[in-house]
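# Residue-level structure breakdown
Residue strings, one per chain:
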Amino acid sequence: MHPALTALLAGRPVPLEAWRSWWEQLEQRTLGPARDSDRAQAAALLASLTTRLPDPSTLAALTASLTERSPDPGPPVPGSVNIVGTGGGPATFNLSTAAALTAAAMGVPVVKTGSRAYTSAAGSVDLLERLGITLTRGHAATADHLAEHNIAFAGPHVYPPQLTRLARILFPLTLKPFGAFLNTLGPLLATVPVTAQLTGVSHAAPLDALRALAPAVRGRALWLATNTAGADELLPFADNTLHTPDGAVHLPAGSVAPAAGTLADLAPRPEDLTAHFLGALEGRAGPTATHTIALNAAALALAAGRHTRWSTAYGQALDALADGAPRALAERLRAHRKAAVHA
């Protein structure tokens, strides 16, 4: 058994060099002499990390060992932003994706990351697939999409290639059983050319651990959002806190958007996934959904530095939804995919 895994299972700190050795041996398929040693140790590693996060120094070393192996996405686009959640909270429809499209329609450049569903009805990747919106396949394609549409939905190339290697080694076992860990750390591992990132942290994710790791995230200012409802997005009817590099920002219920509504108003609609989502992009999914999307889009505009006042950013987001601009943007992205397929 590799020393990194031995120490991890024993609850001892694992330094950066040990993690580097782990990934090198995993790549070379030399973790153990037996035929299935690599798969067994990879599964044991993920199972341990999913069951209990390690101490802060070990987690920081693990994160560094992964991000240092990721390709450089290039310089960030000025005033650009990403929004992504940790998952694991109360079930809601794809609010972060809706907020991303709304912010982009407001003029904020957005590079959106996400994943398939681990615990939700449909993750952002599942939704985009159903909508027929393309994920970018490389950093150059991301830059092209951003320049053309003011938004790009980044594919798996933004994550460390070691995660893909883990998935291949574990096959036919999927990564779904380890979704809690991957969703928690994934938002911090993505390499995207943005200046800021809004990450919703649900009650199921370790906020203290993410706050400790936030300063080490390279190239972008990380905003971590929590609320009293335990969801991984800002909610108008809950008390919200944004942990930013400049300190905590408190948004009590009703301080920006009307406090009326409940989580039931934001419940996923898997039987009507795309129609409900597209309706939400033009304010036809109910007032609570509209106010929630606008609140999160406003947070993106502030994180990117495009606005300095919540009231003006929120008002612009409401105007965009009333005009149907986010829906029109989504339809252009769908048409772009169809044109590329038939070209």
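Preceding block: the structure.
These notes cover the structure that comes with them. (Residues numbered from 1 in each chain as written. Predicted model: local features only at pLDDT ≥ 70, side-chain atom pairs only at ≥ 80, totals over all residues. Heavy atoms only, no water.)

### Quick word on the environment of Leu 66
Looking at the element boundaries, Leu 66 is found in helix α4 (residues 56–67). In this structure Leu 66 comes out as buried when scored by relative accessible area, which is 3%. For the pair Leu 66 and Leu 189, spaced 123 residues apart in sequence, the C-alpha separation works out to 7.4 Å. (Helix = DSSP H or I, 4+ residues; strand = E, 2+ residues; numbered from the N terminus. Buried < 20%, exposed > 50% of the residue type's maximum accessible area, 1.4 Å probe, protein only.)

### Details of the pattern of salt bridges
Throughout the structure, instances matching the rule amount to 10 salt bridges. Close ionic contact of Asp 38 with Arg 29 constitutes a salt bridge, the shortest N to O distance being 3.4 Å. On the basis of relative accessible area, Arg 29 is assigned to the partly exposed category, the value being 45%. Across the pair Glu 282 and Arg 284 runs a salt bridge whose closest N-O atoms are separated by 2.7 Å. Put simply, Glu 282, Arg 284, Arg 327, Glu 331 and Arg 334 are held in one network by salt bridges that share partners. (Salt bridge = Lys/Arg side-chain N within 4 Å of Asp/Glu carboxyl O.)

### Structural notes on the side chain of His 2
If you trace the backbone, His 2 turns up in the segment before α1 (3–10). For His 2, a relative accessible area of 4% translates into the label buried. A polar atom in the side chain of His 2 sits 2.9 Å from the backbone nitrogen of Ala 4. Looking at His 2, its side chain comes within polar contact range of the side chain of Ser 21, at 2.9 Å. Leave out the neighbours within four places in its chain, and His 2 touches Ala 18, Ser 21, Trp 22, Gln 25, Leu 31 and Gln 41. (Polar contact = N/O pair within 3.5 Å; in protein donor to acceptor, adjacent residues only side chain to side chain. Contact = heavy atoms within 4.5 Å.)

### Describing α1
Turning to α1, its buried residues are Ala 4, Leu 5, Ala 7 and Leu 8. Looking down the long axis of α1, one finds its buried residues gathered within 165° of arc, a one-sided arrangement. (Arc of directions from axis to C-beta.)

### Describing the packing of helix α2 (residues 16–28) against helix α3 (residues 37–51)
Between two packed helices, both the angle of their axes relative to each other and the distance between the axes serve to describe the pair. Running from amino to carboxyl end, α2 crosses α3 at an angle of 140°, the nearest separation of the two axes being 11 Å. Considered as vectors, α2 and α3 are oriented oblique to each other. For the crossing formed where α2 meets α3, the hand is left-handed. Of α3, the residues touching α2 (which contributes Trp 19, Trp 22 and Gln 25) are Asp 38, Gln 41, Ala 42 and Leu 45. Broken down by class, the residue content of the contact of α2 with α3 amounts to 4 nonpolar, 2 polar and 1 charged. (Axes fitted to C-alpha atoms, helices over the stretch in contact; angles between N-to-C directions. Parallel < 35°, antiparallel > 145°, perpendicular 65-115°, else oblique. Left-handed = near helix turned anticlockwise from the far one by under 90°. Nonpolar A, V, L, I, M, F, W, Y, C, P; charged D, E, K, R; others polar.)

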